[in-house]
Amino acid sequence: MEHELVIVLDFGGQYNQLIARRVRECGVYCEVKPYTMPLAELKAADPIGIIFTGGPSSVYLEDAPHIPAEIFTWGVPILGICYGCQLMAHTLGGQVVPAQDDSAREYGKTKTYYDTSCKLFQGLPEAGISWMSHSDYMARVPEGFRLVAHSAACPNVAIADETRGFYGVQFHPEVNHTENGSKMLHNFLYEVCHASGDWTMGDFCRRTVASLREQISGGRVLLALSGGVDSSVLAALLAEAIGDRLTCVFVDHGLMRKNEGDEVEAAFQKWDVHFVRVNAEERFLSKLAGVEDPQEKRRIIGAEFGYVFRDEAERFGITDQDFLAQGTIYPDVIESGKGDADVIKSHHNRLLPPEVVARFKGVLEPLDLLFKDEVRQLGRELGLPEYLVMRQPFPGPGLAIRIIGAVTKAKADTLREADAIFREEVAKAGWDRKISQYFAVLTNTRSVGVMGDGRTYDYTLALRGVTTTDFMTADWARIPYEVLDAASTRIVNEVKGINRVVYDITSKPPATIEWE
């Protein structure tokens, strides 16, 4: 991509994708790469700046991740964050040691004092709250560096060698808890790296359409369409690129929300695209019978989707010179395990059987470097209606991962009704646009209740609502008690098999948004 590029080198920190998001918010294109990326490849990418992320290691340990000192000879500005700051100091001749007492270890919100003559902090207040998370200490900073920020416990919260364009901070400017953190990153990008800010969604859209036309050439594309935001935006993008050579296949696996299959079909009938609805409820439920493990459910559903697409490709004469397209986005890639990262949850479109992939010339995933809010921006750029752009996220495996334990048609029907009531009450109260995602989960827990003077032993339903922008982190939504009360009362009265309703008040992290 012909943009100015900033590379975030991943050393295992939990906020690495958030750094990339903050950089893009500043109008600069950014990608996260593993710290093991070959130096020759990294240099060839010609970044205008490099950011070292945080990480759980200590730089003085033998097995800690390191990077060759050669990177500091390129003349490219570098910002080190937390572990990245300590790595910079260690590599350039400083000394990093374990903090000798509790006062030198800093976690959470910390009052911090800045030297505003430093380019990183220019235009900022001289003091503010930063988010710390470190137990190591820079006992000696490298030659050529000066101290540019401190706290009550730590004299070297930030260091700078402004001649060479090297900066290090012990805190995390990318998180919302750090006051003016985005401004610090903006200063690094524009005052140190001299970025021009050439990353816009309109530019991305134009370049991606041109790239898809070139890659697909005269071929056709079968799009795995769920009706959600990601695949809908991808449908519009591909329609722009190749027109009527696009076929959208919507697989109704019997695990959709109430009336959702009909709503998706109605929405896409208005488009000038080939839309195919495959009713495959029996096919999917039979494969899922008796399966309780969430990863296995995802694997089965991902594989079965692939087999359905293979069958539809044969039905429509799609050859091995044509493509399969999926609405995979950046959080899907990260949570499915990228590089050395843990698998948080395998996303179904990352689980296609090899024999299905081999059936096509290739798999197109042109949104796989975008965050959810960026996908929404792209949708608007393509002229999609707001009701599609702001559609509630819905996982590809559908209700299968909102039913804890084995999936049955009866459980799916029960959950569909309860979920619909919750959504109705949220919308009725005007909270549907205030919450990023909200839904019901049918737990595998049964408890004693009383209805009509009789004993019941039925399921517990969990309600979940979150607020977020990028879906990488999320906070639980403070839905008014009156709304929760109305939903709970209706659910236990109108939905057979549920006698208890609870509300999930856990953020992400430590939880994920979905339960499975």
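Provided above is the structure to which this section pertains.
So, a few notes on the structure that sits alongside this text. (Residues numbered from 1 in each chain as written. Predicted model: local features only at pLDDT ≥ 70, side-chain atom pairs only at ≥ 80, totals over all residues. Heavy atoms only, no water.)

Brief notes about the overall build of the chain
For clarity, the cut-off: For the purposes of this entry, the term helix denotes a DSSP run of H or I that reaches at least four residues, the term strand denotes a run of E that reaches at least two, and both are numbered from the N terminus. The size measure is the radius of gyration over C-alpha atoms, and the globule rule it meets is 2.2 Å times the number of residues to the 0.38 power. Relative accessibility decides the category of a residue: with a 1.4 Å probe and only protein chains considered, values under 20% of the type maximum give buried, values over 50% give exposed, and everything between is partly exposed. Should any heavy atoms of two residues lie within 4.5 Å, those residues are considered in contact. Working definition of accessibility: Shrake-Rupley area with a 1.4 Å probe, residue cover restricted to the visible protein chains. We score Asp and Glu as negative and Lys and Arg as positive, and we do not count His or the chain ends. Working definition for charges: the position is that of NZ of Lys, CZ of Arg, CG of Asp or CD of Glu.
In terms of helices and strands, the chain carries 15 helices and 20 strands. For 516 residues, the compact-globule estimate of 2.2 N^0.38 gives 24 Å, and the C-alpha radius of gyration of the chain, at 25 Å, lies within 12% of that figure. By principal-axis analysis of the C-alpha atoms, the chain measures approximately 70 × 65 × 40 Å. The 516 residues of the chain split such that 58% are buried. Here the analysis covers contacts within the chain between residues at least 6 apart in sequence; of these, 73% occur between residues at least 24 apart. Of the roughly 21,400 Å² that the chain leaves accessible, carbon and sulfur atoms contribute 48%. Taking the 54 positively charged and 72 negatively charged side chains of the chain as two groups, their mean positions are separated by 4 Å.

Concerning the pattern of salt bridges
Pairs can form between side chains of opposite charge once their charged atoms are near each other. Going by this rule: Between Lys or Arg on one side and Asp or Glu on the other, a salt bridge is scored when a side-chain nitrogen of the former is within 4 Å of a carboxyl oxygen of the latter.
Per the stated rule, a full pass over the model turns up 33 salt bridges. A salt bridge links arginine 207 to aspartate 203, with the shortest nitrogen-to-oxygen separation between them at 3.0 Å. Taken together, the residues arginine 207 and aspartate 203, both in helix α5 (residues 201-216) and four residues apart, mark about one turn of the helix. With a relative accessible area of 31%, arginine 207 lands in the partly exposed category. Judged by relative accessible area, aspartate 203 falls into the buried class, the value being 14%. The salt bridge involving glutamate 260 is made with arginine 257; its shortest N-O contact spans 2.7 Å.

Things to note about the nonpolar core
Here is the rule we go by: For this analysis, a nonpolar core means a set of buried residues of the types Ala, Val, Leu, Ile, Met, Phe, Trp, Tyr and Cys, connected via side-chain atoms within 4.5 Å.
Ranked by internal contacts, the top residues of the largest apolar core, which has 121 residues, are Phe52, Ile71, Leu238, Leu378, Leu461 and Leu463. With nine residues, helix α6 (residues 229-242) is the largest single contributor of residues to this core. Excluding residues within four positions of it along the chain, isoleucine 71 makes contact with Leu9, Leu42, Ile50, Phe52 and Ile78. Residues Val23, Cys26, Val32 and Val333 belong to the second largest nonpolar core, which totals 40 residues.

A word on helix α12 (residues 372-381)
Since one α-helical turn is 3.6 residues long, residues separated by three or four positions face the same way. α12 sits mainly inside the fold: seven of its 10 residues count as buried. Contact partners of the buried residues in α12: α1 (16-25), α5, α6 and α13 (386-389). Taken from the residues just after α12, glycine 383 is the one with a positive phi, measuring 85 degrees.

Side note on the packing of helix α8 (residues 281-288) against helix α9 (residues 294-315)
What counts is decided by this rule: An axis is simply a line fitted to the C-alpha atoms; with a helix, the fit covers only the stretch in contact. Between two such axes, the angle follows the N-to-C directions and lies from 0 to 180 degrees. Left-handed describes a crossing in which the near helix is turned anticlockwise from the far one by less than a right angle; the clockwise case is right-handed. Only Asp, Glu, Lys and Arg are considered charged in this grouping, and only Ala, Val, Leu, Ile, Met, Phe, Trp, Tyr, Cys and Pro are considered nonpolar; every other residue, Gly among them, is considered polar.
Contact pair α8 / α9: the axes reach a minimum separation of 10 Å and the direction vectors enclose 145 degrees. In this structure, α8 meets α9 at a crossing whose hand is right-handed. Side by side, α8 and α9 meet where Arg283, Phe284, Lys287 and Leu288 of the first sit next to Lys297, Ile300, Ile301, Glu304, Phe305, Tyr307, Val308 and Asp311 of the second. Each residue belonging to the contact of α8 with α9 can be placed in one class, and the counts come to seven nonpolar, no polar and five charged.

Looking at the layout of surface pockets
One water molecule sets the probe size; rolling that probe over the atoms shows where empty space is left. Threshold: Think of a 1 Å grid over just the protein atoms. A cavity is a set of points where a 1.4 Å probe fits yet cannot get out, a pocket is an open set with protein on both sides within 12 Å along at least five of seven lines, and lining residues have an atom within 4 Å of a point. Grid points are joined across faces, edges and corners, and a volume is the space filled by probe spheres set on the points.
Empty space within the second largest pocket amounts to approximately 680 Å³. Surrounding the second largest pocket, 26 residues form its lining, Met390, Arg391, Gln392, Arg423 and Tyr438 being those nearest its centre. If you list the elements that add at least two residues to the lining of the second largest pocket, you get α7 (260-269), α12 and α14 (409-428). Among the elements that make up the lining of the second largest pocket, the one with the highest residue count is α14 (five residues). In terms of residue class, the lining of the second largest pocket is built from eight nonpolar, five polar and 13 charged.

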